[in-house]
Amino acid sequence: MIYDGEYKNGQKNGAGKEYNPETGDVIYDGEYKNGKKTGSASEFDEATGAVLFTGEYKDGKKEGAGKEFDPETGAVTFEGEYKAGKKEGSGKTYNANGTLLYEGEYKNGEKDGSGKEYNESGQLIYDGEYSRGRYQGEGKLYDPGTQMLIYSGEFRSGLFDGK
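All values reported here derive from a predicted model rather than from experimental measurement.

(A) Quick peek at the overall build of the chain. When helices and strands are counted, the chain shows zero helices and 14 strands. Sequence-ordered secondary structure for the chain, helices as α and strands as β, is β-β-β-β-β-β-β-β-β-β-β-β-β-β. Expected size for 163 residues packed as a compact globule is a radius of gyration near 15 Å; at 20 Å, the chain overshoots this value by more than 25%. Seen through its principal axes, the chain has C-alpha atoms that stretch 65 × 30 × 20 Å. The buried share among the 163 residues of the chain stands at 36%. A fraction of 5% describes how many contacts in the chain between residues 6 or more apart in sequence connect residues 24 or more apart. As displayed, the chain offers around 9400 Å² of accessible surface, 45% of which is attributable to carbon and sulfur atoms.

Next up, the structure:
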């Protein structure tokens, strides 16, 4: 990696860019503090130069609002909040074509809390609670073809748990 930017006491500090040494393409454009990525930034694919991420950093990790992009289509694949480098709080996940797949809460990088899940065609398939990425608690499961309610009730570890 080649770095072009400001230094303070031998560490990256202030505005700077990182480049792929083989292609010369920018792979990171943003701010640093005490050698760590901090503040607004953009990351780019080393091979294609396509935007991969725009958002905020703190102490070298994604923190606050951000967006991830598909390197081939350029479509947003995630928009939401990060904490300590992981998805945390409200967010939306999309497929490479921009179809909404999930909208809801995240914790420690996984679906956790209230959320809605959609299939690749954008049809609602689940509306309810999640824990550690699985259906957990009160929820409704829908048939993706007919949009008819299949099950309404409790889930435990991703499985029906009740009548």
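(B) Fine view of the side chain of Thr 93. In this fold, Thr 93 is placed in strand β8 (residues 86–94). Within the structure, the side chain of Thr 93 is placed 2.4 Å from the side chain of Tyr 106, a separation counted as a polar contact. Every residue in contact with Thr 93, bar those within four places of it in the chain, is listed here: Thr 77, Phe 78, Lys 87, Thr 99, Leu 100, Leu 101, Tyr 102 and Tyr 106.

(C) The packing of aromatic side chains, seen in detail. Counting across every chain of the model gives 18 aromatic pairs. Considering the side-chain rings of Phe 78 and Tyr 106, the 5.4 Å spacing of their centres and the 85° angle between planes classify their relative orientation as edge-to-face. Of this pair, Phe 78 sits in strand β7 (residues 76–83) while Tyr 106 sits in strand β9 (residues 100–107), placing them 28 residues apart in sequence. For the pair formed by Phe 78 and Tyr 106, the shared burial category is buried. Across the ring face of Tyr 3, the terminal group of Lys 12 is positioned such that the distance to the ring centre comes to 4.8 Å. When the ring centre of Tyr 28 is taken as origin, the NZ or CZ atom of Lys 37, which lies over that ring, is 4.5 Å away.

Criteria and thresholds
As a convention, each chain's residues are numbered from 1 in the sequence order in which they are written. Owing to the predicted nature of the model, reporting of local features is limited to residues with pLDDT of at least 70; listing and counting of side-chain atom pairs is limited to 80 or more, with chain, interface and lining totals taken over all residues. In computing side-chain values, all of the structure's heavy atoms are included and hydrogens and water are not. Secondary structure is summarised from DSSP: a helix means a run of H or I of at least four residues, a strand means a run of E of at least two, and numbering begins at the N terminus for each. Atoms considered for the radius of gyration are the C-alpha atoms alone. The globule rule reads 2.2 Å times the number of residues to the power 0.38. Think of it in three bands: residues with accessible area under 20% of the maximum for their type are buried, residues over 50% are exposed, and the middle band is partly exposed, with areas taken using a 1.4 Å probe on protein chains only. By the convention used here, residues are in contact when the closest approach between their heavy atoms is within 4.5 Å. Only the protein chains shown count as cover for residues, and the accessible areas themselves come from Shrake-Rupley with a 1.4 Å probe. A 3.5 Å cut-off defines polar contacts: any pair of N or O atoms within that distance qualifies, except that in protein one atom must be a possible hydrogen donor and the other a possible acceptor, and neighbouring residues in sequence count only when both atoms are side-chain atoms. Geometry of aromatic contacts follows a simple scheme: Phe, Tyr and Trp rings, the Trp one being its six-membered ring, pair when their centres are within 6.5 Å, and the pair is stacked under 30 degrees between planes, edge-to-face over 60, tilted otherwise. Placement of a positive charge over a ring is assigned whenever Lys NZ or Arg CZ falls within 6 Å of the ring centre and within 35 degrees of the normal to the ring plane.

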